[in-house]
Amino acid sequence: MSDFEIVRREDFSDVTYLLEIRHPQMAKAARPGQFVIVMEHEHGERIPLTIADFDRDKGTITLVIQAVGKTTKEMQQNCSVGTRLHAMVGPMGIPSHIGQARKVVCVGGGLGVAPVYPQARAYKQAGAYVIGVLGFRNKGLMFWEDKFRQVCDELIVCTDDGSAGRAGFVTAALADVLEREHPDLVVAIGPMPMMRASCDVSRPFGVKTMVSLNAIMVDGTGMCGSCRVSIDGHTKFACVDGPDFDGHLVDFAELQNRQ
């Protein structure tokens, strides 16, 4: 029997759910920006999932998952408190660099809200002034607003349809923040178009913008090559060279064409 016991589950919507898994050694080693590779059962596929949270005291790793493919839909049906995953390998990937920035804007879009949380918390713990900008399609898909309020000095919640918070995309809110705050760094995690648009917004302000390209990974070990990306003209692989990259150096046009 595997040791990867699910100790908590929470459903945020009909497609988005949280699994908290007991693994003390991994919780101790985990850092913001890293991911794990999970197998639900012995004959299942290996899928990379970003670490959304880790609790060293409890010895747990938290994953926030969207049921969009065969395995994530199976996990949504089968994974409940008390069940176990067949395998969970990690933490993998290069941890996010938490430097000396004094003011940071953490932008999360959709499922990207989950992986940007450990970074927001880490910057807050490092003494930075943290501004959170979270975007969802509608109020029904929102999650973790309370967690972000605990680690952010300011929090802006946006919904595409205006059903909660500010109406519109996170990029409009980001532009407003850049105009008034002049931060040292922007961290943007979410769908590819959202990260690209965030970089387009921040570029005229000259603010370094880090993006996480975890969404393009498949096998998570550099073997399949599907997460190949051009960074400042050089070929990198998101799973082994990232997943964090300077967004102003990412060739998003090439990346989106490949996707």
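Shown above is the structure to which this text applies.
A quick note: this is a predicted structure, and the numbers were derived from the prediction, not measured.

Draft legend 1. Inspection of the overall build of the protein chain at higher detail. Within the protein chain, the secondary structure is distributed over eight helices and 16 strands. For the protein chain, whose C-alpha radius of gyration is 18 Å, the value lies close to the compact-globule estimate of 18 Å for 259 residues. With the C-alpha coordinates of the protein chain rotated into their principal frame, the extents come out at 55 × 40 × 35 Å. Per-residue burial over the protein chain gives 54% buried out of 259 residues. In the protein chain, the share of contacts with a sequence separation of at least 24, taken over all contacts with a separation of at least 6, comes to 66%. In the protein chain, the 27 positive side-chain charges and the 31 negative ones have mean positions that sit 2 Å from each other.

Draft legend 2. Representation of the pattern of salt bridges within the structure. For the structure shown, the criterion picks out 16 salt bridges. The residue Glu5 makes a salt bridge to Arg84 at a minimum N-O spacing of 3.8 Å. One end of the pair, Glu5, is in strand E1 (residues 4-11); the other, Arg84, is in strand E6 (residues 84-85), with 79 residues separating them in the sequence. What you see here is one network of salt bridges that share partners, running through Arg8, Glu10, Glu20 and Lys58.

Draft legend 3. Expanded view of the pairing of strand E13 (residues 208-212). With four of five residues buried, E13 is to be regarded as a mostly interior element. With respect to chirality, the unit in which strand E12 (residues 185-189) leads through helix H6 (residues 192-202) into the neighbouring parallel E13 is right-handed. Across three bridges, the pairing between E13 and strand E16 (residues 244-246) is antiparallel. By the bridge assignment, Ser212 is partnered in E16 with Asp244.

Draft legend 4. Geometry of helix H2 (residues 70-78). If you check which residues of H2 are buried, you get Thr71, Thr72, Met75 and Gln76. The buried residues of H2 all sit within an arc of 140° when viewed along its axis, so they share a single face. Those residues of H2 that are exposed and angled more than 90 degrees off the buried face are Lys70 and Gln77. Among the structural elements, E1, strand E2 (16-22), strand E3 (35-39), strand E4 (47-55), strand E5 (60-66) and E6 are those in contact with the buried residues of H2.

Draft legend 5. Seen up close, the environment of Gly135. Summarising the element assignment, Gly135 is placed in strand E9 (residues 129-136). Each C-alpha atom of the pair Gly135 and Tyr17 lies 17 Å from the other, and the pair is 118 residues apart in sequence. If sequence neighbours within four positions are ignored, Gly135 has contacts with Gly108, Gly109, Gly110, Val113, Cys158 and Val170.

Draft legend 6. Summary view of the sheet that holds strand E8 (residues 103-109). Here seven strands make up an open sheet; going across it, the order is E11-E10-E9-E8-E12-E13-E16 and the pairing mixed. One side of each edge strand has no neighbouring strand; the edge strands of this open sheet are strand E11 (166-167) and E16. Sheet contacts for helix H5 (residues 170-181): E8, E9, strand E10 (154-159), E11 and E12; angle to E10, the most-contacted strand, approximately 150°.

Draft legend 7. View of the packing of aromatic side chains. What the rule picks out here adds up to five aromatic pairs. Each ring, one from Phe12 and one from Phe143, has its centre 4.7 Å from the other, and the planes form 15°; the classification is stacked. Here Phe12, found in the loop between E1 and E2, pairs with Phe143, found in the loop between E9 and helix H4 (145-151); they are 131 residues apart in sequence, far enough to count as distant. Of the residues examined, Phe12 reaches a relative accessible area of 12% and is grouped as buried. Ring geometry for Tyr117 and Trp144: centres 5.5 Å apart, planes at 65°, overall edge-to-face. Separated by 27 residues along the polypeptide, Tyr117 in helix H3 (residues 113-125) and Trp144 in the loop between E9 and H4 bring together distant segments of the chain.

Draft legend 8. Broad picture of the sheet that holds E3. With antiparallel pairing, seven strands are arranged side by side in an open sheet as E6-E1-E2-E5-E4-E3-E7. Looking along the sheet, the strands with just one partner apiece sit at the ends: E6 and strand E7 (87-92). Examined bridge by bridge, E2 and E5 share seven bridges and lie antiparallel to one another. Residue pairing in the sheet places Tyr17 in a bridge with Ile65 of E5. Across the sheet, H2 touches E1, E2, E3, E4, E5 and E6, and the angle it forms with E2 is around 75°. Packed on one face of the sheet, H3 meets E4 and E5 and runs near 40° to E4.

Calculation notes
Residues numbered from 1 in each chain as written. Predicted model: local features only at pLDDT ≥ 70, side-chain atom pairs only at ≥ 80, totals over all residues. Heavy atoms only, no water. Helix = DSSP H or I, 4+ residues; strand = E, 2+ residues; numbered from the N terminus. Rg over C-alpha atoms; globule rule 2.2 N^0.38 Å. Buried < 20%, exposed > 50% of the residue type's maximum accessible area, 1.4 Å probe, protein only. Contact = heavy atoms within 4.5 Å. Lys, Arg positive; Asp, Glu negative; His and termini not counted. Charge placed at Lys NZ, Arg CZ, Asp CG, Glu CD. Salt bridge = Lys/Arg side-chain N within 4 Å of Asp/Glu carboxyl O. Right-handed = clockwise from strand over helix to strand, strands pointing away. Pairing = 2+ DSSP bridges. Arc of directions from axis to C-beta. Axes fitted to C-alpha atoms, helices over the stretch in contact; angles between N-to-C directions. Phe/Tyr/Trp six-rings, centres within 6.5 Å; stacked < 30°, edge-to-face > 60°.

These values are about where atoms sit, not about what they do.
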